[in-house]
2 protein chains.
Amino acid sequence: MTLDNLTRLKEKRRSERAELDRLLDEELVCTLATVTTDGRPWAVPMFYARDGDRLLLHGSTGAGALRQVAAGSEAVVAVHAIDAIVLATSLFEHSANYRSAVVRGPLVRLTGDDAVAALDRLSDTLVPGRRAELRGHLKTELVATVALALEITDDNWLLKVSDKDVDEELDVIPDDVWTGILPIHRTYGEPVRSPWLPDDLPAPPSVVALRDAGPQRRRQGRGQRSGTNR
Amino acid sequence: MTLDNLTRLKEKRRSERAELDRLLDEELVCTLATVTTDGRPWAVPMFYARDGDRLLLHGSTGAGALRQVAAGSEAVVAVHAIDAIVLATSLFEHSANYRSAVVRGPLVRLTGDDAVAALDRLSDTLVPGRRAELRGHLKTELVATVALALEITDDNWLLKVSDKDVDEELDVIPDDVWTGILPIHRTYGEPVRSPWLPDDLPAPPSVVALRDAGPQRRRQGRGQRSGTNR
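For every chain, the first residue of its written sequence is number 1, and the numbers climb from 1 along that sequence. The order in which chains are written sets their letters, starting at A; the order in which ligands are written sets their numbers, starting at 1. This being a predicted model, a pLDDT of at least 70 is required before a residue's local features are given, and a value of 80 or more before pairs of side-chain atoms are given or counted; all residues contribute to the totals for chains, interfaces and linings. Only hydrogens and water are set aside; all other atoms, that is, all heavy atoms of the structure, feed into the side-chain values.

*Asks:* I tried to follow the pairing of strand β1 (residues 29–35) of chain A on my own but got confused; where do I start?
*Replies:* For a regular strand, side chains alternate in direction, first toward one face of the sheet and then toward the other. Residues and elements named next belong to chain A. With six of its seven residues buried, β1 lies for the most part within the structure. By definition, two strands form a pair when at least two bridges between them are found by DSSP. Each helix is a run of H or I in the DSSP string that is no shorter than four residues. Each strand is a run of E no shorter than two, and both are numbered from the N terminus. Sheet topology places β1 next to strand β2 (residues 41–51); seven bridges connect them, and they run antiparallel. Looking at the pairing, Thr34 lines up with Trp42 of β2. Taking the residues that link successive antiparallel strands as the turn, the β1-β2 hairpin has five residues, and the phi of Gly39 there is positive, at about 80°. As paired elements, β1 and strand β4 (residues 74–87) share three bridges and run antiparallel to each other. By the bridge assignment for β4, Thr31 is matched with Ala78. Note on classification: 1.4 Å probe, protein chains only; a residue is buried when its accessible area is under 20% of the maximum for its type, exposed when over 50%, partly exposed between these limits.

*Asks:* Would you mind showing me how to read the relation of the copies chain B and chain A here?
*Replies:* Two copies of a chain can be linked by a rotation about an axis combined with a shift along that same axis. Superposing copies: least-squares fit, C-alpha atoms only, residues required to have pLDDT of at least 70 in both. You can overlay chain B on chain A at an RMSD of 0.0 Å; the transform is a turn of 180° with a shift of 0.0 Å along its axis. Given the turn and translation reported, the copies of this chain are related as if by a two-fold rotation axis. Of the C-alpha atoms belonging to chain B, the one lying closest to the rotation axis is found on Arg186(B), 2.4 Å away.

*Asks:* Help me understand the pairing of strand β5 (residues 95–106) of chain B, please; the structure alone is not making it clear to me.
*Replies:* Residues and elements named next belong to chain B. Of all twelve residues that make up β5, ten are buried, and the element is covered over most of its length. Here strand β4 (residues 74–87) runs beside β5; their pairing, made up of twelve bridges, is antiparallel. Paired with Val77 across the two strands is Val103, which belongs to β5.

*Asks:* Please explain the pattern of salt bridges as it appears in this structure.
*Replies:* Criterion for a salt bridge: a side-chain nitrogen of Lys or Arg within 4 Å of a carboxyl oxygen of Asp or Glu. In this structure the tally under the stated criterion is 38 salt bridges over all chains. Notably, a salt bridge pairs Asp83(A) with Arg99(A), separated by 2.9 Å at the nearest N-O pair. Residue Asp83(A) is located in strand β4, and its partner Arg99(A) is located in strand β5 (residues 95–106); the two are separated by 16 residues in the primary sequence. For the pair Asp83(A) and Arg99(A), one class covers both residues: buried. Close ionic contact of Asp21(B) with Arg17(B) constitutes a salt bridge, the shortest N to O distance being 2.8 Å. Residue Asp21(B) and its partner Arg17(B) are both found in helix α1 (residues 3–26); the two are separated by four residues, about one turn of the helix.

*Asks:* So what exactly am I meant to see when it comes to the interface of chain B and chain A here?
*Replies:* One frequent convention defines the size of an interface as the accessible area lost when the parts assemble. Contacts are assigned to residue pairs that have any heavy atoms within 4.5 Å of one another. Listed as interface residues are 79 residues of chain B and, on the opposing side, 79 residues of chain A. Contact with chain A buries surface across chain B, with Leu91(B), Phe92(B) and Trp178(B) losing the most and accounting together for 12% of the total. Here Glu74(B) ties to Arg40(A) by a salt bridge, and the two come within 2.7 Å at their closest N and O atoms. Any N or O atom pair separated by 3.5 Å or less is treated as a polar contact, with the protein-specific requirement of one donor-capable and one acceptor-capable atom, and with residues adjacent in sequence counted only for side-chain atom pairs. Joining chain B to chain A, the criterion identifies 19 residue pairs in polar contact (both at pLDDT 80 or more). When residues in the side of chain B that touches chain A are grouped by element, the largest group, nine residues, is from strand β9 (residues 180–188) of chain B. For this classification, the nonpolar set comprises Ala, Val, Leu, Ile, Met, Phe, Trp, Tyr, Cys and Pro, the charged set comprises Asp, Glu, Lys and Arg, and every other residue, Gly included, is treated as polar. Here the side of chain B that touches chain A is built from residues that sort into 46 nonpolar, 17 polar and 16 charged. In terms of strand pairing, strand β9 (residues 180–188) of chain A meets β9(B) through five bridges, oriented antiparallel. What sits directly across from Arg186(A), in β9(B), is Arg186(B). Take the accessible area each of two parts loses on contact, using a 1.4 Å probe, and add the two losses: that sum is the buried area.

*Asks:* Could you clarify how one ought to interpret the domain arrangement of chain A in this entry?
*Replies:* All names here are of chain A. Where each domain begins and ends is defined by an automated method or by a domain database. The assigned domain composition of chain A is domain 1 (10–83 + 97–163) and domain 2 (187–220). If you look at the interface, domain 1 gives 18 residues, while domain 2 gives eight residues. A buried area of about 1000 Å², summed over both sides, lies between domain 1 and domain 2, and 40% of it is on carbon and sulfur atoms. Linking domain 1 with domain 2 are zero salt bridges, by the criterion used here. For the interface between domain 1 and domain 2, the tally reads one residue pair in polar contact (both at pLDDT 80 or more). Taken together, the residues that form the side of domain 1 that touches domain 2 break down as seven nonpolar, two polar and nine charged.

*Asks:* Would you take a moment to explain the state of the cysteines for this structure?
*Replies:* The bond known as a disulfide is covalent and runs between the sulfur atoms of two cysteines. Disulfides are defined as pairs of cysteine sulfur atoms found within 2.5 Å of each other. Scanning the model with the defined rule gives zero disulfides over all chains in all. A disulfide-free cysteine, Cys30(A) has its sulfur positioned 15 Å from the sulfur of Cys30(B), the nearest such atom. Exposure remark for Cys30(B): the relative accessible area of 0% places this residue in the buried category.

*Asks:* Would you explain the confidence of the model for chain A in this entry?
*Replies:* A low pLDDT score tells you not to read the predicted coordinates there in detail. Residue and element names in this part refer to chain A. Each residue carries a pLDDT score, the predictor's confidence in it, ranging from 0 to 100. Mean pLDDT over chain A: 83, with 84% of residues reaching 70 or higher. Put simply, strand β11 (residues 224–229) is where chain A has its lowest mean pLDDT, 38, and β4 is where it has its highest, 94. Contacts for the low-pLDDT stretch residues 217–230, under 50 throughout, to residues beyond four places or in other chains number 64 contacts.

And the structure:
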């Protein structure tokens, strides 16, 4: 292994970590997969947020899902984004452009100030700017806040990216069958206000920003890459 | 347990199963969660389709994910849909309207004609009407097709539905803080045609139908229900 090769590998890992972060920052919900105490698989969706080199998962006290997960037990957080459907000339060649990540490691339970900070971070990710529009936390809320954290290390995650155009390998490409890509977007609709509000109270900046952001993903292009770092 | 109660319970289960089916039919991607041979959790996203009382999962030969899963081993298929963000007066009370299902059971590997039929069913779900626009399957494609099936039984699934408006329990509701619901939609964008196609070949009905379908979910309302059947 030459120094050049080592450098190239490091560059590749850094670039894949940047892509991992981008996926994690675009999506809202992950699936938390665990092994129960009797050795069976279990999974539950959770809101999450990336906070630097760790993932924060939100849970309220008494949530059934969190009872399955003993503090320090290993779990997998899986996040995916489907970016487009790829339509080819043969059914078998149909596919999708997607990004998919798993991070595996021990879950750490956050309490007290750490849990409150995690809740703030989760809120800032879900509805940026909303915190500034509200009052501060109540004592009862602080007691009830539970969050989980999972570290992103150098070698406990895997990223798979499928990002291609229609790649016809036929000798003769039929010109009477449409092929191409159909993008898939996440969008926010018109806000629905609570009925008891005064008519002249406008939707706040945090909500308007999400509604007006338009389609959340526009990634289309050629090439298929996968990054394994585990 | 009276006959009336038994009847009511049966009705409730039937109604929850109908809601489970609706969620499974609306979504495209599930997370398959398993336990590896060394007892660790693993998860991977997969396209799926409901086919009556079973789920069909798509996999191509050699897919790393499927190597983790021995035929007959137990797995969990988790599907979720986030329908809206619910914005309240306190950060702690913010939540989301969502639907979430898990189905747990042994995976069955389909081959030959069964696998081909599963592929057809998956395609019909992902892009309805596309099959009619294409040629039939090639022999090589038939050999390469792998699919997995998971039965939906009376007692191996759990459905959680959170579907509420802002429910302020304050004695005095502030009238200067906007609260309400922000719907989240999945939409399809403008199709991007392959560059080698003749200009006068229009986008086909299957693609146009998806693009024109508009937002995929409009479920808003009051009430929180969960159905456990496992």
